[in-house]
Amino acid sequence: MSTALAAALRSGAQALALDLSDGQIAQLLDFMALLQKWNKVYNLTAVRDPAEMLTHHLLDSLAAVGPLRRYLAQAQSSPAPALRLLDVGSGGGLPGVVFAICCPQLDVSCVDTVAKKAAFIQQAAVTLKLPNLHGIHARVESLAGPFDVVSCRAFASLPDFTAWSRSALADGAVWLAMKGKHPTDEIAALPADVQVFHVEHLTVPGLEAERCIVWLQPHSA
């Protein structure tokens, strides 16, 4: 991986106010190299140019790490077993693998209905030495959890995402949905028992596009 890409990654992480170790930077670059390698055979992502992959995939996913870390700091107030995150429709591991690298205290499972994508996650866990990362080949509706955070990035509409993954939620769990522009229509279409408690706007270094996180939780009427 070129020194230019490494410098761009460090610069982007700094712009996002992320304190990443040299080891984490190396893991992120190794992950991107692995994604490029597997992409030649398995078509994990449509983006193939390394510089574009850095911006549209790595930095785009890294933009959600700060908000996730803040949530975890609130949720993990006392010594307890590692919190568990389920990344739905993870594809090539975005943002799931990035979360596993940047939040080592978090146990991350990436679920996908495509076997080769789940196999890629398992390979990434071995190659990158991430014991907190797991690939699951399944439909999310079949998973019982319990997971403390259920995330997705460009996976489905908010009503579908929350309906399909609801059975995986632990008590007190939240949904973290990465979206482009503010999904007003999707939010309006949510059922009464799902509540949006925060919409967090994101700025991705080098990307001139709207991004946000929609945070949701089950709501008992």
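Our subject is the structure that appears above.
Notes on the structure follow.

Reading the values: rules and limits
Just so you know, the residues in each chain are numbered from 1, in the order the chain's sequence is written. For a predicted model such as this one, the threshold for reporting local features is a pLDDT of at least 70, and the threshold for listing and counting side-chain atom pairs is 80 or more; totals across whole chains, interfaces and linings nevertheless cover every residue. Where side-chain values are given, they derive from all heavy atoms of the structure, hydrogens and water being excluded. Each helix is a run of DSSP H or I of at least 4 residues and each strand a run of E of at least 2, with the numbering of both proceeding from the N terminus. When we talk radius of gyration, it's over C-alpha atoms, and the globule rule is simply 2.2 Å times the number of residues to the 0.38. Summary of the burial criterion: residues with accessible area below 20% of their type's maximum are buried, those above 50% are exposed, and those between are partly exposed, where the area comes from a 1.4 Å probe applied to protein chains only. Contacts are assigned to residue pairs that have any heavy atoms within 4.5 Å of one another. The protein chains shown are the only cover counted for residues, whose accessible areas, like all others here, come from Shrake-Rupley with a 1.4 Å probe. Within this scheme the basic residues Lys and Arg register as positive and the acidic residues Asp and Glu register as negative, but His and the chain ends are omitted. Charge coordinates come from a single atom per side chain, which is NZ of Lys, CZ of Arg, CG of Asp or CD of Glu. The term salt bridge refers to a pairing of a side-chain nitrogen on Lys or Arg with a carboxyl oxygen on Asp or Glu at a separation within 4 Å. Any two strands between which DSSP finds at least two bridges are classified as paired. We call a set of buried residues a nonpolar core when its members are Ala, Val, Leu, Ile, Met, Phe, Trp, Tyr or Cys and they connect through side-chain atoms within 4.5 Å of each other. A fitted line through C-alpha atoms serves as each axis, taken over the contacting stretch for helices, and the angle formed by two N-to-C directions is quoted from 0 to 180°. To obtain the arc, one takes the directions from the helix axis to the C-beta atoms. We call Phe, Tyr and Trp rings a pair once their centres come within 6.5 Å, taking the six-membered ring for Trp, and we label the pair stacked below 30 degrees between planes, edge-to-face above 60, and tilted otherwise. Two conditions define a charge sitting above a ring: the NZ of Lys or the CZ of Arg must be within 6 Å of the ring centre, and it must be within 35 degrees of the ring normal.

## What to know about the overall build of the protein chain
Regarding its fold elements, the protein chain presents 8 helices and 7 strands. Over its C-alpha atoms the protein chain spans a radius of gyration of 16 Å, differing by no more than 12% from the 17 Å that the globule rule assigns to 221 residues. Expressed as lengths along the three principal axes of its C-alpha atoms, the size of the protein chain is roughly 55 × 35 × 35 Å. Considering the protein chain as a whole, with its 221 residues, one finds that 52% of them fall into the buried category. Long-range pairs, those at least 24 residues apart, make up 67% of the contacts in the protein chain between residues at least 6 apart in sequence. On the protein chain, roughly 10000 Å² of surface is accessible, and the fraction owed to carbon and sulfur atoms is 53%. Between the averaged position of the 16 positive side-chain charges in the protein chain and that of its 19 negative side-chain charges there is a distance of 7 Å.

## Description of the pattern of salt bridges
This model, assessed by the stated rule, comprises 7 salt bridges. When the shortest N-O distance is used, the salt bridge between Asp193 and Arg166 registers 3.1 Å. One end of the pair, Asp193, is in the loop between α8 (184-188) and β6 (194-202); the other, Arg166, is in the loop between α7 (158-165) and β5 (169-179), with 27 residues separating them in the sequence. The partner of Glu186 in a salt bridge is Lys179, and the shortest N-O contact between them spans 2.9 Å. On the accessibility criterion, Glu186 (24% relative accessible area) is partly exposed. Here Lys179 falls in the buried class, since its relative accessible area comes to 13%. What you see here is one network of salt bridges that share partners, running through Asp60, Arg153 and Arg211.

## What about the pairing of strand β4 (residues 147-153)?
Within β4, 6 of the 7 residues are buried, leaving the element largely enclosed by the surrounding structure. Strand direction decides the pairing type here: strand β1 (residues 84-88) and β4, joined by 4 bridges, are parallel. Across the sheet, residue Val88 finds its bridge partner in β4, namely Cys152. As judged from the 6 bridges shared by β4 and β5, these two strands associate in the parallel manner.

## Overview of the nonpolar core
Ranked by size, the top nonpolar core spans 55 residues in total, and within it Leu9, Leu28, Phe31, Leu62, Val98 and Leu133 carry the most contacts. For this core, the leading source of residues is helix α2 (residues 22-42), giving 8 residues. If sequence neighbours within four positions are ignored, Leu133 has contacts with Gly96, Val97, Ala100, Val108, Cys110, Ile121, Gln122, Ala124 and Ala125. Formed by 22 residues, the second largest nonpolar core is a distinct cluster that contains Val140, Ala168, Ala170 and Trp175.

## Some thoughts on the sheet that holds strand β3 (residues 133-137)
In spatial order, the strands read β3-β2-β1-β4-β5-β7-β6; together these 7 strands make up an open sheet with mixed pairing. Where the open sheet ends on each side, the last strands, each with one partner, are β3 and β6. Mean inter-strand twist for the sheet, computed between neighbouring axes without regard to direction, equals 20°. Bridging between β6 and strand β7 (residues 211-218) involves 8 bridges; their strand directions are antiparallel.

## Structural notes on α7
Residues lying three or four places apart along an α-helix face the same way, a consequence of the helix completing one turn every 3.6 residues. Regarding α7, the residues found buried are Leu158, Pro159, Phe161, Thr162 and Ser165. Projected down its long axis, α7 shows its buried positions confined to an angular sector of 170°, all on one face.

## Regarding the packing of aromatic side chains
On inspection of all chains with the given rule, the structure shows 6 aromatic pairs. Each ring, one from Phe31 and one from Phe120, has its centre 6.3 Å from the other, and the planes form 35°; the classification is tilted. Of this pair, Phe31 sits in helix α2 while Phe120 is found in helix α6 (residues 115-127), placing the two residues 89 residues apart along the sequence. In this structure Phe120 comes out as buried when scored by relative accessible area, which is 0%. Note on Phe197 and Trp215: the rings are 6.3 Å apart at their centroids and 40° apart in plane angle, and the pair reads as tilted. Remark: Trp215 occurs in strand β7 and Phe197 occurs in strand β6; sequence separation between them is 18 residues. On the basis of relative accessible area, Trp215 is assigned to the buried category, the value being 3%. The residue whose ring lies beneath Arg84 is Phe147, and the NZ or CZ to ring-centre distance is 4.2 Å.

Purely geometric numbers; function is a separate question.
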